[in-house]
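Structural features, examined
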Amino acid sequence: RRVHGDIFLEYNMDERRKEADEMMEKGNSRAKTTFTRWKPDWDGAAVCYDRAAICYKNCRDNDKAFEAYKKLSNAYDQVGNHSGAAKALENASVLTTDPVRATELLEAAGSQYQLSGLPERAAEAFSKAARSIEPRDEDRAGSLMMTACSMFEDPDKYAFARDTFLSALTMAVRHKNYTRAVEVLRQHSVIYKHLNQQPNCWKCYLSIVVLLLAKNDFEGADAANNEFMQIDGYTTSEEFGAASELLDAFEKGDGKILAKVLQNQAFQYIDNSVARLARDLKIVEGPQKRLNVLEIDNPATESQPAENPLSGINFDDGVL
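With respect to the overall build of the chain
When helices and strands are tallied, the chain shows 14 helices and zero strands. Written out in order from the N terminus, the α and β elements of the chain read α-α-α-α-α-α-α-α-α-α-α-α-α-α. Across the chain, the fraction of contacts at a sequence separation of at least 24, relative to all contacts at a separation of at least 6, is 61%. Of the roughly 17,200 Å² of accessible surface on the chain, 47% is carried by carbon and sulfur atoms.

What follows is the structure in structure tokens.
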């Protein structure tokens, strides 16, 4: 029975491969002009390439399936079916073992989803691209995650932004790129503010203070906390108390006070990657000089926050 089954499977594979080759040939033919057809038949070509890709996959011929999906994507793009082109590129990315090529395909898929008016799918594709290239190129991965976050600039999409921003934050902290992590949190806090989720804003503010202290930027952390004090409601929050006590500990250069401050439960409710960073904070430079409130209008250049692409949004109660 095993022998007969193997023979049937081999026969079936041969038939599928033959069908795939025929579909690829037909697709290539329809993608060309002829004496009787002055324009390529991209719709017809797409049908053929789609069938060829499926048959090649069933035959476990990933290289030819990869090529079929790339041609399918081009055919869809020619007729303005950007979501179809994006899906084909995603399918192709799964079939390559080269992370650089996979990243390029996923990035192109994100752009196609963006053209089709599907920002959430675009953000997902850019996030996949970032994870694909992360082991080889941390900077490019971080840039792709920021691109993914930028897909949620439309206020109607704010409610769907959380997972993408948290992934971007986790990646930035993992690679100790605290400047980028602060940028992510500033953008995310604007979204939370627009959604009237003030408690989540306060968590972002406390996290920013922690990150700036982690990069040994006490003045920047102090200036940021003073900046956030201008936001209604923050000074009465538990997060403000924790941030202020944290800065007090660094101002006094007292490790014992720091250890006590870090027991505050406010640190348990911020993002896990930042909470772990907070637990590892250490005072290594002794007492620090606090900024006068009048100095916060012109802090040190390296302490200034990165430009926020969402900062142009108008809110009734002001923006960050």
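Details of unusual backbone geometry
Although it is not a glycine, Arg60 adopts a positive phi angle of roughly 60°. Along the chain, Arg60 turns up in the loop between helix H2 (42-58) and helix H3 (62-78). Notably, Asn196 is not glycine yet its phi reads approximately 60°, a positive angle. Locating Asn196 in the fold gives a position in the loop between helix H9 (178-194) and helix H10 (198-214).

A short note on the layout of surface pockets
Reported here for the second largest pocket is a volume of approximately 220 Å³. For the lining of the second largest pocket, the secondary-structure elements that each account for two or more residues are helix H8 (162-174), H9 and H10. Sorting elements by how many residues they give to the lining of the second largest pocket places H10 first, with four residues. Per-class residue counts for the lining of the second largest pocket are seven nonpolar, three polar and three charged.

A closer look at the packing of aromatic side chains
Applying the stated criterion across every chain yields a total of six aromatic pairs. Ring geometry for Phe228 against Tyr234: centres 6.3 Å apart, planes inclined by 90°, an arrangement best described as edge-to-face. We classify Phe228 as buried; its relative accessible area is 1%. These aromatic residues form a ring-pair network of at least three members: Trp202, Tyr205, Phe228, Tyr234 and Phe240.

Let's talk about the pattern of salt bridges
Here the idea is simple: oppositely charged side chains can pair when their charged atoms come close. Per the counting criterion, the structure on display carries eleven salt bridges. In this structure, the salt-bridge partner of Arg121 is Glu90, at a minimum N-O distance of 3.8 Å. Taken together, the residues Arg121 in helix H6 (residues 119-133) and Glu90 in helix H4 (residues 82-94) connect sequence positions 31 residues apart. The shortest N-O distance in the salt bridge between Arg140 and Glu107 comes to 2.9 Å.

Considering the environment of Ile283
Here Ile283 is to be found in the segment after helix H14 (272-279). Residues Ile283 and Leu213, 70 residues apart in the sequence, show an inter-C-alpha distance of 9.4 Å. In this view, Ile283 contacts Ala249, Phe250, Gly253, Asp254, Gly255 and Leu258; residues no more than four positions away in its chain are not counted.

Notes on the confidence of the model for the chain
Within the chain, residue pLDDT values average 88, and 85% of them lie at 70 or more. Taken as a whole, residues 1-9 scores under 50 in pLDDT and shows zero contacts with residues more than four places along the chain or in a different chain. Within the model, pLDDT remains below 50 along residues 291-320, and this stretch shows 47 contacts once partners closer than five positions in the same chain are excluded.

Considerations on the state of the cysteines
Counting across every chain of the model gives zero disulfides. For Cys201, which is in no disulfide, the shortest distance to another cysteine sulfur is to Cys204 and amounts to 6.4 Å. We classify Cys201 as buried; its relative accessible area is 1%. Overall, the relative accessible area of 4% leaves Cys204 in the buried class.

Quick word on H8
Its 13 residues give H8 an end-to-end C-alpha distance of 18 Å, which sits within 8% of 18 Å, the value for a rise of 1.5 Å per residue. When we look at burial in H8, the residues that qualify are Thr164, Phe165, Ala168, Leu169, Met171, Ala172 and Val173. Along its buried surface, H8 packs onto H6, helix H7 (138-150), H9, H10 and H14. Two residues or fewer after H8 comes Lys176, characterised by a positive phi angle close to 60°.

Section: the packing of H7 against H8
One can describe the packing of H7 onto H8 by two numbers: an axis separation of 9 Å at closest approach and a directional angle of 160°. Overall, the two elements H7 and H8 adopt an arrangement that is roughly antiparallel. The hand of the H7/H8 crossing is left-handed. Within the contact between the two elements, H7 uses Ala141, Gly142, Met145, Ala148 and Cys149 and H8 uses Thr164, Phe165, Ser167, Ala168 and Met171. For the contact of H7 with H8, a count of residues per class yields seven nonpolar, three polar and no charged.

Cut-offs used in this document
Residues numbered from 1 in each chain as written. Predicted model: local features only at pLDDT ≥ 70, side-chain atom pairs only at ≥ 80, totals over all residues. Heavy atoms only, no water. Helix = DSSP H or I, 4+ residues; strand = E, 2+ residues; numbered from the N terminus. Contact = heavy atoms within 4.5 Å. Areas by Shrake-Rupley, 256 points an atom, 1.4 Å probe, with all protein chains shown as cover. 1 Å grid on protein atoms, 1.4 Å probe; cavity = no way out; pocket = protein on both sides within 12 Å on 5 of 7 lines; lining within 4 Å. Points joined across faces, edges and corners; volume = space filled by probe spheres on them. Nonpolar A, V, L, I, M, F, W, Y, C, P; charged D, E, K, R; others polar. Phe/Tyr/Trp six-rings, centres within 6.5 Å; stacked < 30°, edge-to-face > 60°. Buried < 20%, exposed > 50% of the residue type's maximum accessible area, 1.4 Å probe, protein only. Salt bridge = Lys/Arg side-chain N within 4 Å of Asp/Glu carboxyl O. pLDDT = per-residue confidence, 0-100. Disulfide = S-S within 2.5 Å. Expected span 1.5 Å × (residues − 1). Axes fitted to C-alpha atoms, helices over the stretch in contact; angles between N-to-C directions. Parallel < 35°, antiparallel > 145°, perpendicular 65-115°, else oblique. Left-handed = near helix turned anticlockwise from the far one by under 90°.

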